[in-house]
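# A look at the structure
Residue strings, one per chain:
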Amino acid sequence: MIDETREKIINATMNLVMDRGYSLTTTKDIAFKAGINECTIFRKFKGKKDIVLSAMKLPEWKPDLKEEDLAVYTGELESDLIRFSNLYMEKVTPKMVKVSIGLRTPELIGDTAAGIMAVPAIFKNCLTAYFEEMQCLGKIKKADSESLAMTFLSMNFGFIFLQASFDDQLSPLSKEEYINASVRTFIQGIA
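Quick look at the structure, then. (Residues numbered from 1 in each chain as written. Predicted model: local features only at pLDDT ≥ 70, side-chain atom pairs only at ≥ 80, totals over all residues. Heavy atoms only, no water.)

### A closer look at the overall build of the protein chain
- A tally of helices and strands in the protein chain yields ten helices and zero strands.
- For the protein chain, the α and β elements follow one another from N to C terminus as α-α-α-α-α-α-α-α-α-α.
- Dimensions along the principal axes, computed over C-alpha positions, put the protein chain at roughly 65 × 35 × 35 Å.
- Classification of the 191 residues of the protein chain by burial places 41% in the buried group.
- If you take every contact in the protein chain between residues at least 6 apart in sequence, the share linking residues at least 24 apart comes to 70%. (Helix = DSSP H or I, 4+ residues; strand = E, 2+ residues; numbered from the N terminus. Buried < 20%, exposed > 50% of the residue type's maximum accessible area, 1.4 Å probe, protein only. Contact = heavy atoms within 4.5 Å.)

### A few points about the packing of aromatic side chains
- Tallying each qualifying case throughout the model produces eleven aromatic pairs.
- When the ring of Phe 123 is compared with that of Phe 152, the centres are 6.3 Å apart and the planes differ by 25°; the resulting orientation is stacked. One end of the pair, Phe 123, is in helix α8 (residues 109-136); the other, Phe 152, is in helix α9 (residues 145-166), and 29 residues separate them in sequence.
- Relative accessible area serves as the criterion here: at 0%, Phe 123 is assigned to the buried category. (Phe/Tyr/Trp six-rings, centres within 6.5 Å; stacked < 30°, edge-to-face > 60°.)

### Quick notes on the packing of helix α1 (residues 4-20) against helix α2 (residues 27-34)
- Direction vectors running N to C along α1 and α2 enclose 120°, while the axes themselves pass 8 Å from each other. Taken together, the axis directions place α1 and α2 in an arrangement best described as oblique. Handedness of the crossing formed by α1 with α2: right-handed. Listed contacts from α2 to Lys 8, Ile 9, Ala 12, Thr 13, Asn 15, Leu 16 and Arg 20 of α1 are Asp 29, Ile 30, Lys 33 and Ala 34.
- Of the residues assigned to the contact of α1 with α2, the class counts are five nonpolar, two polar and four charged. (Axes fitted to C-alpha atoms, helices over the stretch in contact; angles between N-to-C directions. Parallel < 35°, antiparallel > 145°, perpendicular 65-115°, else oblique. Left-handed = near helix turned anticlockwise from the far one by under 90°. Nonpolar A, V, L, I, M, F, W, Y, C, P; charged D, E, K, R; others polar.)

### Here's the deal with the layout of surface pockets
- In this model, the largest pocket occupies a volume close to 440 Å³.
- Lining the largest pocket are 24 residues, and of these Ser 100, Arg 104, Ile 116, Met 117 and Pro 120 sit closest to its centre.
- If you list the elements that add at least two residues to the lining of the largest pocket, you get α7 (94-102), α8 and α9.
- With eight residues, α8 is the single largest residue contributor to the lining of the largest pocket. (1 Å grid on protein atoms, 1.4 Å probe; cavity = no way out; pocket = protein on both sides within 12 Å on 5 of 7 lines; lining within 4 Å. Points joined across faces, edges and corners; volume = space filled by probe spheres on them.)

### Digging into the environment of Lys 8
- Relative to the helices and strands, Lys 8 resides in helix α1.
- When the C-alpha atoms of Lys 8 and Gly 35 are compared, they prove to be 8.2 Å apart, with 27 residues separating the residues in sequence.

### With respect to the pattern of salt bridges
- Here the structure, examined in full by the defined rule, presents seven salt bridges.
- Between Arg 20 and Asp 29 there is a salt bridge, with its nearest N and O atoms 2.5 Å apart. (Salt bridge = Lys/Arg side-chain N within 4 Å of Asp/Glu carboxyl O.)

### Quick notes on the state of the cysteines
- If you walk through the whole model with that rule in mind, you get zero disulfides.
- Here Cys 126 stays free of any disulfide, with the sulfur of Cys 136 as its closest cysteine sulfur at 16 Å. (Disulfide = S-S within 2.5 Å.)

### Quick look at the packing of helix α6 (residues 77-91) against α9
- Here α6 crosses α9 at 45°, and the two axes come no closer than 10 Å. As far as their axial angle goes, α9 and α6 are oblique. As α6 packs across α9, the resulting crossing turns out to be right-handed. Two secondary-structure elements touch here, α6 through Leu 81, Phe 84, Ser 85, Tyr 88 and Met 89 and α9 through Phe 152, Leu 153, Asn 156, Phe 157, Phe 159 and Ile 160.

In C-alpha cells, the structure reads:
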C-alpha cells in the first residue's frame, strides 16, 4: 500500500526542486506545499536529501531507458533514428530535465550524478554501437562513432532542454516536426 504522506512529500519536494533548485528548497516550503506539518517530514524521511534520493528510485521521477529499448532496429537509417529520437524524448521529458538541473548542486552531486547520467550514457553507448554497425554495413561514411553518437544525443537533448526552458516560445516546431527534420538533416551529413 502506498504511503500517501510520503508520496505528497516526495512530489512537493521534486516540484519545488524543479522550480527553485535543491539548495533553495527548504523543509518548511516542502511541508507547506505538501499540506503537512514540517515535523511530519522528519518522521517519514531523514531530511531533504533522503526525500530526493527516495524520489530518484520512483518511475515518476526517474527516466527509465534500457539498452534493450534501443537494441531493436531495421538498419534503415531514417526509421531507426526517428525511433531512437522518439524513444529518447519519451523518457527524457522537459520535467526530467528540470529535475536534473534542480539537482545539480555540490550537496548532492556525489549521490545523484550517476542517476542523472544513466539515460544519456545508455543512449550514447547504444548509438555508438549502432553507428559502428552501420559503418560496417556501408550505410554511413567512416567517422568516429562516439562523436556521431554525441552529436545525435546533443541534438535530441537540446530540443528537450529548450522545451523545458521556454516551452514553445523559442520555436513553434512540434516534437514530431523537429525529429523528422533533424534526423533527415543528420542523415544527409553521414550517409
